[in-house]
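# A look at the structure
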Amino acid sequence: MSDEIMNNTTEKAAAAAAGPKMEKPPVIDGRVDITFDNSGMLANMIMFPPQNGGRPITMELVAECLASKGIVAGIDEFDIRDMLDNQVYESFVCIARAIPPKNGANGYVDYKYEKTRVIQPKKDEFGVTNYRELDTILQIRRGDIIADIIPPTEGEPGLNIFGEPIPPEPGKPAKVTVGKNSVITADSLHIIAACDGHIKYGVGCFNVEDTVVVHSDLDLTVGNIDFFGDVHIKGNVMEGFSVKAGKNLKVDGSIYSSDITAGGSVTVAGGIISSTVNAEGNVTADFFHNSNITAKGAVSGKEFAFCEVFCYGELKAIGKNGTIVGGKITAMRDVTANVIGSEKYTQTLISIGDGSVTFARKKKAENELEQYQERLENAIRNLEYLKHRKSVQAGLLSDEQQKQMKLETQNKLFSTLKKKELSLLIEQLDEELKNKDNLSATCTRLYPGAKFCINFLTLEITQVYSKSRVTVVDDQIVVIPN
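Keep in mind the model is a prediction, meaning the values are calculated, not measured.

## Some remarks on the overall build of the protein
A tally of regular secondary structure across the protein gives five helices and 41 strands. With respect to the three principal axes, the spread of C-alpha positions in the protein is 190 × 85 × 45 Å. In the protein, which comprises 482 residues, the proportion classed as buried is 36%. Contacts in the protein between residues at least 24 apart in sequence constitute 40% of all its contacts with a sequence separation of at least 6. A total of about 28400 Å² of accessible surface is found on the protein, and carbon and sulfur atoms cover 51% of it. Charged side chains of the protein number 53 positive and 64 negative; the gap between the two group centres comes to 11 Å.

## Digging into helix 2 (residues 59-69)
For an α-helix, the turn length of 3.6 residues means that residues three or four places apart are oriented alike. Within helix 2, the full set of buried residues consists of M59, V62, C65 and L66. When helix 2 is viewed along its axis, its buried side chains cluster within an angular range of 125 degrees and face the same direction. Structural note: helix 2 exposes E60, E64, A67 and S68 on the side pointing more than 90 degrees away from its buried face. In this structure, the buried side of helix 2 is in contact with strand 1 (31-36), strand 2 (42-48), helix 3 (77-86) and strand 3 (93-97). Backbone geometry just downstream of helix 2 places G70 in the positive-phi region, at approximately 80 degrees.

## A look at the sheet that holds strand 16 (residues 206-209)
Spatially, the three strands line up as an open sheet ordered 8-15-16, and their pairing is antiparallel. The sheet terminates laterally at strand 8 (139-140) and strand 16, the two strands that pair on one side only. Where strand 8 and strand 15 (residues 197-201) come together, two bridges link them in antiparallel fashion. In the sheet register, Q139 faces strand 15, and the bridge partner there is H198.

## Notes on the pairing of strand 29 (residues 292-295)
Both faces of the sheet carry side chains from a regular strand, because those side chains alternate between them. Alternating residues of strand 29 divide into I293 and A295, all buried, and N292 and T294, none buried. When strand 26 (residues 276-279) meets strand 29, the two strands line up parallel, connected through four bridges. Within the sheet, the bridge partner assigned to T276 lies in strand 29 and is N292. As judged from the four bridges shared by strand 29 and strand 31 (residues 303-311), these two strands associate in the parallel manner.

## Points about the pairing of strand 2
The pairing of strand 1 with strand 2 spans six bridges and is classified as antiparallel. Bridge pairing in strand 2 links V32 to M47.

## Some thoughts on the packing of helix 2 against helix 3
Contact pair helix 2 / helix 3: the axes reach a minimum separation of 11 Å and the direction vectors enclose 135 degrees. On the basis of the axis angle, helix 2 is oblique to helix 3. Between helix 2 and helix 3 lies a crossing whose hand is right-handed. Together, M59, V62 and L66 of helix 2 and I80, R81 and L84 of helix 3 make up the contact between the two elements. Of the residues belonging to the contact of helix 2 with helix 3, the class tally is five nonpolar, no polar and one charged.

## Observations regarding the confidence of the model for the protein
For residues with low pLDDT, the predicted coordinates do not support detailed interpretation. When pLDDT is averaged along the protein, the result is 89; 93% of the residues meet or exceed 70. Mean pLDDT across the secondary structure elements of the protein bottoms out at helix 1 (residues 2-18), with 54, and peaks at strand 27 (residues 283-284), with 98.

## Digging into the nonpolar core
Core analysis: the largest hydrophobic core is formed by 56 residues, its most contacted members being V283, V299 and L315. Contacts of V283, omitting those with residues within four sequence positions, involve V266, I272, V277, F288, I293, A295, A298, V299 and S300. If you look at the next biggest cluster of nonpolar residues, it comprises 17 residues, including I34, A43, M59 and C65.

## A closer look at unusual backbone geometry
One can expect most non-glycine residues to show negative phi and most peptide bonds to be in trans. Notably, S274 is not glycine yet its phi reads approximately 50 degrees, a positive angle. Inspection of the secondary structure assignment puts S274 in the loop between strand 25 (271-273) and strand 26. The phi dihedral of N290 is positive, around 50 degrees, even though this residue is not glycine. Along the chain, N290 falls in the loop between strand 28 (287-289) and strand 29.

## Overview of the sheet that holds strand 13 (residues 182-184)
Sheets are built from strands that pair by backbone hydrogen bonding, the pairs being arranged parallel or antiparallel. Across the sheet, which stays open at both edges, the four strands sit in the order 5-9-14-13 with antiparallel pairing between neighbours. Because the sheet does not close on itself, it has two edges, and the strands there are strand 5 (108-111) and strand 13. Along the sheet, successive strands turn relative to each other by an average axial angle of 25 degrees, direction set aside. With three bridges joining them, strand 9 (residues 145-150) and strand 14 (residues 190-193) adopt antiparallel strand pairing. From the neighbouring strand, I145 faces strand 14, where its bridge partner is I192.

## Let's talk about the state of the cysteines
One pass over the full model with this rule turns up zero disulfides. Looking at C94, it has no disulfide partner, and the nearest cysteine sulfur is the one in C65, 14 Å off. We note that C307 lacks a disulfide partner, and the nearest cysteine sulfur, in C311, lies 12 Å from it. Overall, C307 belongs to the buried group, its relative accessible area being 2%.

Reading guide: rules and limits
Residues numbered from 1 in each chain as written. Predicted model: local features only at pLDDT ≥ 70, side-chain atom pairs only at ≥ 80, totals over all residues. Heavy atoms only, no water. Helix = DSSP H or I, 4+ residues; strand = E, 2+ residues; numbered from the N terminus. Buried < 20%, exposed > 50% of the residue type's maximum accessible area, 1.4 Å probe, protein only. Contact = heavy atoms within 4.5 Å. Areas by Shrake-Rupley, 256 points an atom, 1.4 Å probe, with all protein chains shown as cover. Lys, Arg positive; Asp, Glu negative; His and termini not counted. Charge placed at Lys NZ, Arg CZ, Asp CG, Glu CD. Arc of directions from axis to C-beta. Pairing = 2+ DSSP bridges. Axes fitted to C-alpha atoms, helices over the stretch in contact; angles between N-to-C directions. Parallel < 35°, antiparallel > 145°, perpendicular 65-115°, else oblique. Left-handed = near helix turned anticlockwise from the far one by under 90°. Nonpolar A, V, L, I, M, F, W, Y, C, P; charged D, E, K, R; others polar. pLDDT = per-residue confidence, 0-100. Core = buried A, V, L, I, M, F, W, Y, C linked by side-chain atoms within 4.5 Å. Disulfide = S-S within 2.5 Å.

Printed below as a string of structure tokens:
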């Protein structure tokens, strides 16, 4: 009994010494908290660790939390997994970002021509540099595209973290400056040339000029010109250069030993010296020396010295000193001058009109008319013979005779038509020859050494004449007072 009491006393003493009994701590699971801005651009997450054996935070737990917040876009799974793996607790980390929109690209102008051209001389097939061929003129035709106008783009929308679209900022339209003689197409996608011309870059835009203007002499700094429009040279055309103008050419100075071609008229304030000129229109200069001139129109100047001129219009040596001396002048119309020839009896040939050509055409037509008349007569004789054979052959012709009958009938018809056609042509040419008799050369002073050819008639001048006119009277060239 005493032992049992002793044991109880010992246990109570031990319990008293151990103090009060401890309760087991509560189990706390790991948890996350997600915050975001109202615009839905960012979401931050903070993690709280599990305690006392609580459940750890998992990707599934984070996903549930995100879904409960309505966050569905821009989620950075890498950052979330990094937080989990490295147990980043009680620190905010951005785990979702809005997907930004792609703003639209601004429109722009894509020019098809270089704003600054590097002028380089051309080389021939042997590699020899031609310093006169600089290719300085950049030609353009009406309707050719100068530039493409690239429109702005709308951009691509983004998404906030809630999956709602974020509108992009559209691009701005291109700033388009339209130059001289250029227009924007109806669809606003191109700048095109409004006329034929050459293109040059100006202040912020390209201009189309319908005239090539050279503000200096045409020399090695400019090079040869080949342009389908008008050309205006404010200086001289220097020796050895060429100008090809599709329309008119104007030269404020003179032309020296050059080759000139124009689809229109040529106007030269100074002289044309030792040069070749071909023009579809008129040619006018102050004087012509040792040059070869061809013009579809008229030719005029104060002096023609030792030139070869052919023009379809009239030729005038204008002014009180207007002189034609030496060379060969051929004009389809009248020739007018103050002086023809010189006191030294210089050989000067003046041909007026194309009567010789017309006369030759008439003779050829007359010869052809005789040939067709003969063919017609032969066809008629052969047809009469075949008709006779048909009558004596009981109204029948052999196959060969039938073919001959058909051929001779065609010959008769064709020869009759050609006779009528040639007769009308001969009448027209006769009328032209009559009208050409009115052509003349008029001058104040006419010297021996001059020779005239009007149509197909000729006359050599053997004495000095004053105030005279050389013309055709009664099928003869004569000099009559004017």
